[in-house]
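# Structural features, examined
In case you want the letters, here they are:
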Amino acid sequence: MEGRRDVSHGRGAGLRRGGLTAPALRSGDRLREECGIFGIWGAENAARLTYAGLYSLQHRGQESAGIVTSDGAEFHYHRGLGLVSDVFSGTALEPLMGHIAIGHNRYSTTGSSLLQNAQPLVVNYHHGKLALGHNGNLVNAVPLRQDMERRGSIFQTTSDSEVILHLIARAKARDVEEAIPEALSVCQGAYSLVLLAGDRLIGIRDPRGFRPLCLGRRGDAHILASETCALDIVGAEFLREIEPGEMVIIDGKGVRSRRALAPLPTRFCVFELIYFSRPDSVVFGTSVDLIRRRLGRRLAEEHPADADIVISVPDSSNSAALGFSEASGIPFELGLIRNHYVGRTFIAPVQMKRDFGVNLKFNAVRRILNGQRVVVVDDSIVRGTTSRSLVTMLRDAGAREIHFRVSSPPIGWSCYYGIDTPNRRELIASSHTVAEIQRYLGVESLGYLSMEGLRSCVDRPDDHCFACFNGDYAERYGEEMDKLAMERAAARAVSRS
Ligand code: SF4
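The shown structure was predicted, so the numbers you read here are calculated from the model rather than taken from an experiment.

## A closer look at the overall build of the protein
Each helix and strand counted, the protein has 16 helices and 24 strands in total. With 497 residues in all, the protein has 59% of them scored as buried.

## Some thoughts on the site of the ligand
Around the ligand sit R211, C269, V270, F271, C415, Y417, I419, C465, A467 and C468, and those are all the residues in its vicinity. For the shell around the ligand, the elements supplying multiple residues, two or more each, are α7 (270–276) and α15 (467–470).

## A word on unusual backbone geometry
Here the bond from Q119 into P120 is cis, since omega is 0°, no more than 30 degrees from zero. Here P120 lies in the loop between β5 (100–106) and β6 (121–125). Backbone torsion omega between P314 and D315 reads 0°, so that peptide bond is classified as cis. Of note, the phi angle at F284 is positive, near 55°, even though the residue is not glycine. Structurally, the position occupied by F284 is in the loop between β16 (282–283) and β17 (286–287). Given the relative accessible area of 9%, F284 is considered buried. Phi angles above zero are rare outside glycine, and R460 is one such case at about 50°. By secondary structure assignment, the location of R460 is in the loop between α14 (451–457) and β24 (464–465).

## A short note on the sheet that holds strand β10 (residues 214–218)
Reading across from one edge, β4-β3-β5-β2-β11-β10-β12 is the order of the seven strands in this open sheet, with antiparallel pairing throughout. This sheet does not close on itself; its edge strands, each paired only once, are β4 (75–81) and β12 (237–241). Within this sheet the neighbouring strands show an average axis-to-axis angle of 15°, counted without direction.

## A few points about the sheet that holds strand β14 (residues 254–259)
Pairing in this open sheet of six strands is antiparallel, and the strands run β6-β7-β8-β9-β13-β14 from one edge to the other. Of all strands in the sheet, those bounded by a partner on one side alone are β6 and β14. Looking at each pair of strands side by side, their axes are set apart by 20° on average, direction ignored. Strands β6, β7 (128–138), β8 (189–197), β9 (200–205), β13 (246–251) and β14 of the sheet are contacted by helix α5 (residues 176–184), whose axis makes an angle of about 25° with β9.

## Description of the pattern of salt bridges
Under the criterion given, the structure shown has 26 salt bridges. The shortest N-O distance in the salt bridge between E149 and R145 comes to 3.1 Å. Of the two residues, E149 and R145 both sit in helix α3 (residues 141–150), four residues apart, roughly one turn of that helix. Through salt bridges that share partners, D175, E177, R200, D251 and R256 make up one connected network.

So, how was this worked out
Starting from 1, residues in each chain are numbered consecutively following that chain's sequence as written. Residues qualify for local features only when their pLDDT is at least 70, as the model is predicted, and side-chain atom pairs are given and counted only at 80 or more; totals for whole chains, interfaces and linings, by contrast, use all residues. Side-chain numbers here rest on the full set of heavy atoms in the structure, without hydrogens or water. Each helix is a run of DSSP H or I of at least 4 residues and each strand a run of E of at least 2, with the numbering of both proceeding from the N terminus. Per-residue accessibility, obtained with a 1.4 Å probe over protein chains only, is compared with the maximum for each type, and a residue is labelled buried under 20%, exposed over 50%, and partly exposed between these values. Consider each residue's heavy atoms; a residue with any of them within 4 Å of a molecule or strand counts as near. Here a strand pair is declared whenever DSSP counts at least two bridges between the two strands. Lines fitted to C-alpha atoms define the axes, with helix axes restricted to the stretch in contact, and inter-axis angles between N-to-C directions lie between 0 and 180 degrees. Residue contacts follow a heavy-atom distance rule, with two residues in contact if any of their heavy atoms lie within 4.5 Å. Should a side-chain nitrogen of Lys or Arg be within 4 Å of a carboxyl oxygen of Asp or Glu, the pair is scored as a salt bridge.

Following this line, the structure appears as structure tokens:
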């Protein structure tokens, strides 16, 4: 944006905290993780291991969870809305028999949060049974769906993932190993998939590799998972990542691999490294913690601050704040404490958020902050409403000066590849300069990591997607491709009929 710089300084405490149109306070002032997927072949307790894997991937989706198991013939499945521990409480795992399983945690990036959209999706089609777990977002799901509906297909969900199942069912190829690449050849966008087909576990990643997918081994069993933290929890060894465009087939003959999709320039989602993935995971070939430390160190070099302590906005900013502290020599302190049990509440969650806002999730440690000049490191600013509330909280706890540092560049563009970003108009950096954002937050200084700085911290930067920072989208997208695009398409289909 013209005139926008990635840092701004000035006295914040006395500034008028207005001067720009503040976005309305919304409950979700974070980019939302997309989904977590897990698959295992060859374990007696496949359902329990999948449960553990989903548990470790809970950060990737908290709206629904599901597991499908198979003994090679019959499918058993259970899905529900809520956290993994809620969906599989009591005896829910007991009927899930078989040595093969796939599982899915969902945060809806397309389709609303309904049980019918919970995954894995399971279908019976002319070649047998098929189950699918999808992480990512198809940018051409709406036209694909409309085309199939015109030709008689009936959809059960409003999820873009069902489009993939229909395409597989309609493929000319008779064997699923051929039908999957045939189906995906017309799909654009982001997809890491686990599929259960008969007695085969299949994993495939889109040709650009937007979302991660890794392969591990536990004894004789093989595992596919979104992140390596899901291998760690079940005591599995990390073998390698699935390559962009690669399909792996796991069955009684072992693991087979083939390049199933025509190659395209790689676009690893850089936000997996900045925020989405867990710091104890290895993603896109590198430790996420290591990358975040680099981001923090570079941030300290680009935007030093004269301050007494560095604090993070926990937990996703911890590694970057430690990197800032290491490079600056300013001690790291725990000035904000996060309530890890916020999740879903049965006491009117919307009202709870309205009444208590950011206090529900964070609390400030007065003993640490009182009278201090504080550097606050956060991984990103989306609408700005949470950051502004946190600043108020820190002031109330006695912080004398607040220097806000962000370990990524300003987010000015929405994501169409499986991350739920607000409409572009609601992204504060899409229409305001850093100086304006600083005034809005009411801080003494504000510094964002530069694009050059971000690129310097990731390995193979040319292979990454930076579209939410620079608008350089690798795949064309329909204007209306947001979270509810499939609902609108379904409603149009009904009104036409
Ligand atoms: S637009 Fe941003 S969040 Fe979306 S895939 Fe690209 S880097 Fe990731």
